[in-house]
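Structural overview for review
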Amino acid sequence: YVSKIVRGGLSKFPPLIISCAITGANQGKESNPNLPETAEEQTQQTYDAYNAGASVVHIHRRDPKNNANMTSNPDDYRKVNAMIRAKCPDIIINNTAGGGRLRLPNGVTTPPMLTSIEACPEIATIDTSGIVSRGIARKRPAPLTGRDEDQQVEYAYTITPTETEQCIAEMKKYGVKPEYECFDIGDLIYLKDLIQTNQVEGPHLVDFLLHPGTNFPTIDYLINAIKYVPSNSLVNVLAIGACQYPMLAAAIVLGCNVRVGMEDNLYIGKGELAKSNAQLVEKIVRIAKELGRPIATPAQAR
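**Regarding helix H2 (residues 39-52)**
Over its 14 residues, H2 runs 20 Å from end to end, which matches the ideal 20 Å to within 8%, given 1.5 Å per residue. Among all positions of H2, only Ala39, Gln42, Thr43, Gln45, Thr46, Ala49 and Ala52 are buried. Residues of H2 that are buried make contact with strand S1 (18-21), strand S2 (56-59), helix H3 (74-87) and helix H9 (277-291). Gly53 occupies a position one or two residues after H2 and carries a positive phi of about 135 degrees.

Below, the structure written as structure tokens:
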């Protein structure tokens, strides 16, 4: 690290791979009217983010019949993936998979989230956390949901080792590369176990998430986490909300890759809603260029 930085700053570091998570599973147009929900909106915003410098797009596909919900139909992922591929031939398509399930307060447990894998994206995410608890309160205006009153949702997301193995097996079946989302340092132990038992093959794509709800969005925490990432891994850092750009700037300096997008942050600055995903990509590109870190093309990223 020292020999690189004292001779060329960040210019000798690997080109920065920028991922853009364009939609997410929770918030919608009630939170930011510019967030893409339809397949057409997702395709156009992917194209714009790609032109701005993103080489990977991360997609949560909503149900065409009700954009408040995630789809459970692989055909919806096939459709949007094909639309994006036609408009951005060389971008890397990353679909959410998760592998776990939602447990709702009324006792309902959803099936494991494996919907997108059959659509054969190049990459799909898999959560490596034994349990990730989340409480989400989401209000959707009636015109979006078709209901007479706002919707509030609270749930816990969990994934067991058996579900993880099921998700990995499905990815192998369809030739999909796993991207491991780690919500705290302990999750890296889980990933290490998967590697040691030969359930996964390298090189490994590791997402490390920084957010007060899962871990501490501080530079020292990020540095410690990187120490425990398995060898033969590519590290991608994502941060949620207002801490996003400071933490991603730190990730750039540390030689990691980054993720931006409206899944993680609806704002371009304090109190200012982002106009598009491309605007969020443009901001991280400016930061990287000011720091001297080159930007990866999709070919370099792939």
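Continuing now.
**Some points on the packing of aromatic side chains**
Under the defined criterion, the tally for this structure stands at three aromatic pairs. Here Tyr1 and Phe13 contribute two aromatic rings whose centre-to-centre distance is 5.4 Å and whose plane-to-plane angle is 80 degrees, an arrangement assigned as edge-to-face. Here Phe13 lies in the loop between helix H1 (2-8) and S1 and Tyr1 lies in the segment before H1, a separation of twelve residues in the sequence. Joined through ring pairs, the aromatic side chains of Phe208, Phe216 and Tyr221 make up one cluster. Of note, Lys87 hangs over the ring of Tyr47, and the distance from its end group to the ring centre comes to 4.6 Å.

**Section: the nonpolar core**
Ranked by size, the top nonpolar core spans 65 residues in total, and within it Ile18 and Val281 carry the most contacts. By size, the runner-up hydrophobic cluster in this structure holds seven residues, among which are Ile17, Ile123, Ala296 and Ala301.

**Section: the packing of helix H8 (residues 244-253) against H9**
Remark: H8 packs on H9, axes separated minimally by 10 Å, with the N-to-C direction vectors making an angle of 40 degrees. In terms of their interaxial angle, H8 and H9 are classed as oblique. Our pair here, H8 against H9, has a crossing hand that is right-handed. Within the contact between the two elements, H8 uses Tyr245, Leu248, Ala249, Ile252 and Val253 and H9 uses Leu280, Lys283, Ile284, Ile287, Ala288 and Leu291.

**Considering the pairing of strand S4 (residues 66-70)**
Note: strand S3 (residues 62-63) against S4, two bridges, orientation antiparallel. Each residue of the ladder has a partner; that of Asp63, found in S4, is Asn66.

**Brief notes about the environment of Leu10**
Along the chain, Leu10 falls in the loop between H1 and S1. With 291 residues separating them in the primary sequence, Leu10 and Ala301 have C-alpha atoms 17 Å apart. Those residues in contact with Leu10, other than ones at most four positions away along the chain, are Ile5, Ile252, Val253, Leu291, Gly292, Arg293 and Pro294.

**Side note on the pattern of salt bridges**
Under the criterion given, the structure shown has ten salt bridges. For Arg78, the salt bridge identified is with Glu118, shortest N-O distance 3.6 Å. Of the two residues, Arg78 sits in helix H3 while Glu118 sits in the loop between strand S6 (101-103) and strand S7 (123-127), which places them 40 residues apart along the sequence. The salt bridge partner of Asp264 is Arg259, with a shortest N-O separation of 2.7 Å. Per residue, the accessibility class of Asp264 equals that of Arg259, and both read buried. Each of Glu181, Arg259, Glu263 and Asp264 takes part in salt bridges that share partners, so that together they form one network.

**What to know about the confidence of the model for the protein**
Of the residues in the protein, 91% have a pLDDT of 70 or more, and the chain-wide mean is 90. Long-range and interchain partners of residues 137-150, a stretch whose pLDDT sits below 50, account for 39 contacts in this model, where long-range means more than four residues apart.

**Notes on the environment of Asn69**
Within the secondary structure layout, Asn69 lies in strand S4. Classification of Asn69 by relative accessible area gives partly exposed; the value is 28%. Along the sequence, Asn69 and Gly255 sit 186 residues apart, while their C-alpha atoms lie 36 Å from each other.

**What about the packing of H2 against H9?**
Two elements in contact, H2 and H9, have axes whose closest approach is 8 Å; the angle formed by their N-to-C orientations is 15 degrees. Relative to H9, the element H2 is oriented roughly parallel. The hand of the H2/H9 crossing is right-handed. Listed contacts from H9 to Gln45, Asp48, Ala49 and Ala52 of H2 are Asn277, Ala278, Val281, Glu282 and Val285. Partitioned by chemical class, the residues of the contact of H2 with H9 number five nonpolar, two polar and two charged.

**Here's the deal with the side chain of Asn81**
In this fold, Asn81 is placed in helix H3. Residues contacting Asn81, with those up to four places away along its chain left out, are Ile59, Ile93, Asn95, Ala119 and Pro121.

What counts and how
Residues numbered from 1 in each chain as written. Predicted model: local features only at pLDDT ≥ 70, side-chain atom pairs only at ≥ 80, totals over all residues. Heavy atoms only, no water. Helix = DSSP H or I, 4+ residues; strand = E, 2+ residues; numbered from the N terminus. Expected span 1.5 Å × (residues − 1). Buried < 20%, exposed > 50% of the residue type's maximum accessible area, 1.4 Å probe, protein only. Contact = heavy atoms within 4.5 Å. Phe/Tyr/Trp six-rings, centres within 6.5 Å; stacked < 30°, edge-to-face > 60°. Lys NZ or Arg CZ within 6 Å of the ring centre and 35° of its normal. Core = buried A, V, L, I, M, F, W, Y, C linked by side-chain atoms within 4.5 Å. Axes fitted to C-alpha atoms, helices over the stretch in contact; angles between N-to-C directions. Parallel < 35°, antiparallel > 145°, perpendicular 65-115°, else oblique. Left-handed = near helix turned anticlockwise from the far one by under 90°. Pairing = 2+ DSSP bridges. Salt bridge = Lys/Arg side-chain N within 4 Å of Asp/Glu carboxyl O. pLDDT = per-residue confidence, 0-100. Nonpolar A, V, L, I, M, F, W, Y, C, P; charged D, E, K, R; others polar.

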